[in-house]
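What follows is the residue order along each chain.
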Amino acid sequence: MDYFIIFITTVSGLYFHWWLYVRIKRWMDRDLALSLAGPDDARRAYMLERLAEAGRQGVRRRDLAQWLERAAAEYPAP
């Protein structure tokens, strides 16, 4: 029974740390996209769409900042 408790506790802790790591990465990516958008609500929505597109295209994390900067530059000026 002791081994079962240790196993469940270890697996739960590892899962929680993995989940937290994934959430923090998503928050960082979202914050990057929103920081490039500025205060304009339409541009913020556009950048969040571009972030989702980058995820669908499989853009690597190390290339994401440049990819989002290019997407921000392509935003049509008012």
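These numbers were taken from a predicted model, which means no experiment stands behind them.

About the cut-offs
Residues numbered from 1 in each chain as written. Predicted model: local features only at pLDDT ≥ 70, side-chain atom pairs only at ≥ 80, totals over all residues. Heavy atoms only, no water. Salt bridge = Lys/Arg side-chain N within 4 Å of Asp/Glu carboxyl O. Helix = DSSP H or I, 4+ residues; strand = E, 2+ residues; numbered from the N terminus. Buried < 20%, exposed > 50% of the residue type's maximum accessible area, 1.4 Å probe, protein only.

Draft legend 1. Representation of the pattern of salt bridges within the structure. According to the stated counting rule, one finds three salt bridges in the structure shown. As a salt-bridge pair, Arg61 and Asp29 come within 2.4 Å of each other at their nearest N and O atoms. Note that Arg61 is positioned in helix H3 (residues 61–73) and Asp29 in helix H1 (residues 2–37), a separation of 32 residues in sequence. The exposure class assigned to Arg61 is partly exposed, which follows from its relative accessible area of 38%. We note a salt bridge from Glu53 to Arg56, for which the minimum N-O separation is 2.9 Å. Here Glu53 pairs with Arg56, and both are found in helix H2 (residues 41–57), just three residues apart, close to one helical turn. A relative accessible area of 21% means that Glu53 is categorised as partly exposed. Taking relative accessible area as the criterion, Arg56 reaches 61% and is therefore assigned exposed.

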